[in-house]
Amino acid sequence: MGEIFASVLVVAVLLISGMSLVVTGSMADNGQNEKDISSEIISGEKCTESGVIKNVQKEDTTGDNSFDIPKSQQQNELNAPNTEMAKWKKMSLKREPEKASLLEESYSNLRDNPFTEKNALQEYGANTVDSKAQSLSTTGTETGSGNGVRSVGARPTISSTNAVTNPSFETGDFTGWITQDLSSPFEPLRVEGAGYSAGFGFFSTEPTDGNWVAYTGWDGNGPGNISLSQDVTLPTGTVIWEFDYRASWDLTYGATVNRTFWANIEPAGGGTPLQTNLILTAPANTTVYDTGNLSGLLNISAFAGTTVRLNFTWFVPENFAGPAQFQLDNIFVGDPSYRVKTSPETQSSFGDPTTSVWYNLVINNTGWKDDAYNLTVANNTWPTTIYDATGTTPISQISINANQSANITVKVDISPTANPGDYDIANITATSQNDTNVSDTSTLVTQVLAPILVVDDDSGLDTENWYFSALNANNYSYNYWDVQNWGSPDLNALQVHNVTIWFTGDNSGGAGGPGTPGDTLSPQERTVIENYLTGGGKMYVSSGGLGWDGFFNGWAPWINEEPNRSKLRLGASFDLIPIHPAFCG
């Protein structure tokens, strides 16, 4: 906990100095003196290899035996030849250096067998979630203050006529689904958040609905199938099966047979398909780095009124014949007549007491018939009013033709008694007048502007409570941003704050969850941060896996480029960044 409270001392320095980016590494209580940590962060003392060795020994107070490394072994690793493999050894010193030798065997043979290294990185990149952070828990949706611990809760459940359980994987797992994977997949079938990529120039995951996608590497020890299935009772009448998908592949590693993706209908409980539908073919000896977002639409009215098994199948015809990846999201099964989608799902803005904050929303009639929608506001404390697109006429309903959209505006009046850091949440819901089971909701988070922004990017851990406690104890007012529920902050959200505290939790955080390489900071987030620093913003970054992700996913030089290099201040050596001399600007 000393390091978290030391971050408050760093915030004070950031508020009054020219320092712009401080990077530290752990949410855990490592037993160090708060004054020692803060002085090391400010002075950059740990940005040396000797400092790293000293602090590896000093930090071993958590019971994690990965820090129990003899000094002689540490020095030998650091004196290794200046090769890419040696750099990896330097950076992995505290994460059990024997893993370097396991990886080294396949490092020089990546072209012939690219999967050994990738699997090794997957297996050994994870770290243990901070037990103290896990033990903290807050619940509920409430109006809150920047001077108190708060939890805004998740986005409300959307009711609809969708016959599929967990259609966008918003449980964060495969609840409701039946899965099958290869015994040795390139990338396991799993649920992923935004910002993950298998590498090879492939796209980074980006949900088309909510925060999660179904993800597979679409390669491994074939021939065999990867599949995702669910038994569904279909309504009567017209029934469609709709889904979003996106793929990448490089089949130039010796593939001779096409790879395919299918959407099949089987009897309930499984069996010989009643209908097969080839959705996508990845031809042998071709490379596609990103198909872009695609949509599948099947009319399955022939099975209306019955219970069937809906099955997605990824066919892998050969054994490790080239890397690939695939995301699946936003699955809908039901009557397409009446549907609605509000966007964006979440918006957050800032203002001063007695002022009004305006939001723009789009109501999309995604159904096949014309419809009208009732518009309602819920859960708010500050006065919130829905207007037409011009912002002049209050409205409570709107008519929209099939497959068309309409704009509305929403005004939130900030309470005159609100203080910096106070916030209010309003849920704006559009409900079909023809089918009241069909609705969608957008969330508006309005905050009174404070000098500090706390960006909670720890994938649902309770790391934020340590920062709240430290800031509250030192009488700092602050705004809060929940990446998991609201998405990443844009440049405008950062620019209105003098200082930003951004933490990703233990090891790799971000939307993908602890221990997943490549998701501490997405490419979009790094661009926003760089522009924020260029514009004079000041940032304190705490991450257990930022260096890990940066090195192995090819964006470590971003830390060493202007304006980041000249403004970089390094913190505690738990993270991998201080170990690499190139990061010591």
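Look up a bit, the structure's there.
Numbering of residues starts from 1 in every chain and runs along the sequence as written. With pLDDT at 70 or above as the cut-off, local features in this predicted model cover only qualifying residues; side-chain atom pairs require 80 or more to be listed or tallied, and sums for whole chains, interfaces and linings still use all residues. Each side-chain value is derived from all of the structure's non-hydrogen atoms; neither hydrogens nor water enter the calculation.

Peer 1: Can you help me understand the overall build of the chain in this one?
Peer 2: Only DSSP runs of H or I reaching four residues or more are called helices, and only runs of E reaching two or more are called strands; each is numbered from the N terminus. Within the chain, the regular secondary structure consists of 15 helices and 26 strands. Residue burial is assigned from relative accessible area. The probe radius is 1.4 Å, only protein chains are included, and a residue is buried under 20% of its type maximum, exposed over 50%, and partly exposed in between. Per-residue burial over the chain gives 56% buried out of 585 residues. Put simply, the chain shows about 22000 Å² of open surface, and 48% of that area lies on carbon and sulfur atoms. With residues, only the protein chains shown are counted as cover, and all accessible areas are computed by Shrake-Rupley using a 1.4 Å probe.

Peer 1: Help me out: how do you make sense of helix H12 (residues 523–534) in this one?
Peer 2: Working note: α-helix, 3.6 residues per turn, so residues spaced by three or four point in the same direction. End to end, H12 covers 17 Å across twelve residues, agreeing with the expected 16 Å (1.5 Å per residue, within 8%). One or two residues past the end of H12 sits Gly-536, with phi positive at roughly 105 degrees. Helix span is expected to be 1.5 Å times the residue number reduced by one.

Peer 1: What is the right way to look at the sheet that holds strand S13 (residues 341–343) in this model?
Peer 2: Strands in a sheet are paired, the pairing made by backbone hydrogen bonds, and the direction either parallel or antiparallel. Pairing between strands is defined by DSSP: at least two bridges between them are needed. With antiparallel pairing, the four strands of this open sheet are ordered in space as S13-S15-S19-S17. Strand pairing shows two members of the sheet lacking a second neighbour, S13 and strand S17 (384–387), which therefore form its edges. The mean inter-strand angle of the sheet, taken between neighbouring strand axes irrespective of direction, is 25 degrees. Across four bridges, the pairing between S17 and strand S19 (residues 405–413) is antiparallel. Lines fitted to C-alpha atoms define the axes here, with helix axes fitted over just the stretch in contact, and angles between the N-to-C directions of these axes take values from 0 to 180 degrees.

Peer 1: Please explain the pattern of salt bridges as it appears in this structure.
Peer 2: Pairing is possible between side chains that carry opposite charge, provided their charged atoms lie close to one another. By salt bridge we mean one thing: a side-chain nitrogen of Lys or Arg within 4 Å of a carboxyl oxygen of Asp or Glu. Enumeration according to the criterion identifies eleven salt bridges in this entry. Across the pair Arg-309 and Asp-231 runs a salt bridge, and its minimum N-O distance is 2.8 Å. Note that Arg-309 is positioned in strand S11 (residues 307–316) and Asp-231 in strand S5 (residues 224–233), a separation of 78 residues in sequence. In this structure, Arg-246 and Asp-290 form a salt bridge, with 2.7 Å as the shortest nitrogen-oxygen distance. Placement of Arg-246 in strand S6 (residues 240–250) and of Asp-290 in the loop between strand S9 (287–288) and strand S10 (294–299) is noted, with a sequence separation of 44 residues between them.

Peer 1: What am I meant to see in the pairing of strand S23 (residues 478–482) here?
Peer 2: Across a regular strand the side chains alternate sides, sitting on one face of the sheet and then on the other. The buried fraction of S23 amounts to five of the five residues, a majority that puts the element mostly inside the structure. Neither face of S23 is exposed, since Tyr-478, Tyr-480 and Asp-482 on one face and Asn-479 and Trp-481 on the opposite face are all buried. Handedness of the crossover joining strand S22 (residues 452–456) and S23 through helix H9 (residues 464–473): right-handed. We call a crossover right-handed when, viewed with the strands running away from us, the connection from the first strand over the helix to the second turns clockwise.

Peer 1: What is the right way to look at the sheet that holds S5 in this model?
Peer 2: Taken in spatial order, the five strands line up as S2-S5-S11-S7-S8 in an open sheet, and their pairing is antiparallel. Two strands close off the open sheet at either side, each with one partner strand: strand S2 (178–180) and strand S8 (278–282). Each adjacent strand pair in this sheet contributes to an overall mean axis angle of 15 degrees, direction not counted. Relative to S5, S2 is paired through three bridges, and the arrangement is antiparallel. Note that in S5 the partner of Thr-179 across the bridge is Leu-228.

Peer 1: Can you help me understand the nonpolar core in this one?
Peer 2: The nonpolar side chains of a soluble globular protein tend to be buried with one another. Counting 43 residues, the largest nonpolar core has Trp-218, Trp-241, Phe-243, Phe-261, Ile-300, Phe-312 and Leu-328 as the members making the most contacts within it. Sorting the residues of this core by element identifies S5, S6, strand S7 (259–267), S8, S11 and strand S12 (324–334) as the ones contributing at least two each. Excluding residues within four positions of it along the chain, Phe-243 makes contact with Phe-261, Ala-263, Ile-279, Leu-294, Ser-295, Gly-296, Leu-298, Phe-312, Leu-328, Asp-329, Asn-330 and Ile-331. As used in this record, nonpolar core signifies buried Ala, Val, Leu, Ile, Met, Phe, Trp, Tyr and Cys residues forming a set joined through side-chain atoms within 4.5 Å. Of all hydrophobic cores here, the second largest spans 35 residues; its members include Leu-471, Tyr-532, Leu-533 and Leu-546. Only heavy atoms matter for contacts: two residues are in contact if any of them lie within 4.5 Å across the pair.

Peer 1: Sorry, what's going on with the side chain of Glu-525 here?
Peer 2: Here Glu-525 lies in helix H12. We count Lys and Arg on the positive side and Asp and Glu on the negative side, and we leave His and both chain ends out. Among buried Asp, Glu, Lys and Arg side chains, Glu-525 stands out as unpaired, with Arg-526 the closest opposite charge at 7.0 Å. Beyond its immediate chain neighbours, meaning those up to four positions away, Glu-525 contacts Asp-457, Val-483, Ser-488, Trp-502 and Thr-520.

Peer 1: What exactly am I supposed to notice about unusual backbone geometry here?
Peer 2: Excluding glycine, a negative phi dihedral is what most residues carry, and trans is how most peptide bonds are arranged. Here the bond from Gly-222 into Pro-223 is cis, since omega is 5 degrees, no more than 30 degrees from zero. Relative to the helices and strands, Pro-223 resides in the loop between strand S4 (213–216) and S5. Residue Pro-344 is bonded to the preceding Ser-343 through a cis peptide linkage, with omega at -5 degrees. One non-glycine residue, Asn-166, lies in positive phi territory at about 55 degrees. Considering the arrangement of structural elements, one finds Asn-166 in the loop between helix H8 (131–135) and S2. A positive phi angle, close to 60 degrees, is found at Asn-403, a residue other than glycine.

Peer 1: Is there a simple way to think about H9 in this case?
Peer 2: Here H9 lies mainly inside the structure; eight of its ten residues are buried. The complete set of buried residues in H9 reads Glu-464, Asn-465, Trp-466, Tyr-467, Phe-468, Ala-470, Leu-471 and Asn-472. Once H9 finishes, Asn-475 follows within two positions and takes phi at roughly 60 degrees, a positive value.

Peer 1: I tried to follow the packing of aromatic side chains on my own but got confused; where do I start?
Peer 2: Stacked, tilted and edge-to-face are the three classes assigned to paired rings of Phe, Tyr and Trp, where Trp is represented by its six-membered ring and a pair needs centres within 6.5 Å; plane angles under 30 degrees give stacked, over 60 edge-to-face, the rest tilted. One pass over the full model with this rule turns up 25 aromatic pairs. Geometrically, the ring pair formed by Phe-186 and Phe-200 is edge-to-face, given 6.1 Å between the ring centres and 65 degrees between the ring planes. Taken as a pair, Phe-186 in the loop between S2 and strand S3 (190–192) and Phe-200 in the loop between S3 and S4 lie far apart in primary sequence, 14 residues in all. For Phe-186, a relative accessible area of 0% puts it in the buried group. Taken together through their ring pairs, the aromatic side chains of Phe-169, Phe-174, Trp-177, Trp-218, Trp-241, Phe-243, Tyr-245, Trp-249, Phe-261, Phe-312, Trp-314 and Phe-326 make up a single cluster. Any Lys NZ or Arg CZ that is within 6 Å of a ring centre and within 35 degrees of that ring's normal is treated as a charge sitting over the ring. Over the ring of Phe-332 we find Arg-339; its NZ or CZ atom is 4.4 Å from the centre of that ring.

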